[in-house]
Amino acid sequence: MLTATTNNNTSLIRNYIIAATTVMLMSVGVADMFNNPQRLAQQDKLDGYGRYIGAGLVSYGKSLAR
């Protein structure tokens, strides 16, 4: 009976370590994906284009209103 409890505790600890390691590695992977410098530069570029497109739409709307 004592060996069954020891085996259960060992399995529980092993499974906990596996789960904790998986969560940590996945968290690091997701963080690297979202904080990638190339992605941030692309987002800045898209934000810059958005300003020009917004200004163009406002200008076009004003020309229609006249």
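On a predicted model such as this, the values are computed, not experimentally measured, just so you know.

1. Focus on the overall build of the protein chain
Here is step 1: Helix and strand counts for the protein chain come out as two helices and zero strands.
Here is step 2: Taken against the 2.2 N^0.38 rule, which gives 11 Å for 66 residues, the C-alpha radius of gyration of the protein chain at 27 Å runs more than 25% over that of a compact globule.
Here is step 3: Each of the 66 residues in the protein chain was classed as buried or not, and the buried ones make up 2%.
Here is step 4: When the accessible surface of the protein chain is split by element, carbon and sulfur atoms take 66% of a total near 6,200 Å².

2. Considering the environment of glutamine 38
Here is step 1: Its place among the elements puts glutamine 38 in helix 2 (residues 37–65).
Here is step 2: Assessed through its relative accessible area of 64%, glutamine 38 is described here as exposed.
Here is step 3: Sequence spacing of glutamine 38 and tyrosine 16 is 22 residues, and the spatial spacing of their C-alpha atoms is 35 Å.

3. Some thoughts on a nonpolar patch on the surface
Here is step 1: On the surface, a cluster of nonpolar side chains totalling about 630 Å² of accessible area is made up of Leu46, Tyr49, Tyr52, Ile53 and Leu57.
Here is step 2: Here leucine 57 shows up in helix 2.

4. Regarding the domain arrangement of the protein chain
Here is step 1: Here the protein chain is partitioned into domain 1 (1–35) and domain 2 (36–65).
Here is step 2: If you average the C-alpha positions of domain 1 and of domain 2, the two centres end up 45 Å apart.
Here is step 3: Between domain 1 and domain 2, the buried area comes to about 290 Å², and carbon and sulfur atoms account for 43% of it.
Here is step 4: For the pair domain 1 and domain 2, the interface holds zero salt bridges.
Here is step 5: At the surface where domain 1 touches domain 2, the tally comes to zero residue pairs in polar contact (both at pLDDT 80 or more).

5. Focus on the UniProt feature "transmembrane region" (unreviewed entry) in the protein chain
Here is step 1: The feature "transmembrane region" (unreviewed entry), as given by UniProt, occupies residues 12–34 in the numbering adopted here.
Here is step 2: The span residues 12–34 is 100% helix and 0% strand, and its two end C-alpha atoms sit 33 Å from each other.

6. Observations concerning the environment of alanine 55
Here is step 1: Residue position: alanine 55 is located in helix 2.
Here is step 2: Overall, the relative accessible area of 46% leaves alanine 55 in the partly exposed class.
Here is step 3: With 40 residues separating them along the chain, alanine 55 and asparagine 15 place their C-alpha atoms 56 Å apart.

Thresholds applied
- Residues numbered from 1 in each chain as written.
- Predicted model: local features only at pLDDT ≥ 70, side-chain atom pairs only at ≥ 80, totals over all residues.
- Heavy atoms only, no water.
- Helix = DSSP H or I, 4+ residues; strand = E, 2+ residues; numbered from the N terminus.
- Rg over C-alpha atoms; globule rule 2.2 N^0.38 Å.
- Buried < 20%, exposed > 50% of the residue type's maximum accessible area, 1.4 Å probe, protein only.
- Areas by Shrake-Rupley, 256 points an atom, 1.4 Å probe, with all protein chains shown as cover.
- Patch = residues over 30% accessible without salt bridge, like charges linked within 9 Å, V, L, I, M, F, W, Y side chains within 5 Å.
- Salt bridge = Lys/Arg side-chain N within 4 Å of Asp/Glu carboxyl O.
- Domains from an automatic or database assignment.
- Buried area = accessible area lost by both parts, 1.4 Å probe.
- Polar contact = N/O pair within 3.5 Å; in protein donor to acceptor, adjacent residues only side chain to side chain.
- UniProt positions renumbered as here; feature names shortened; annotations may be inferred.

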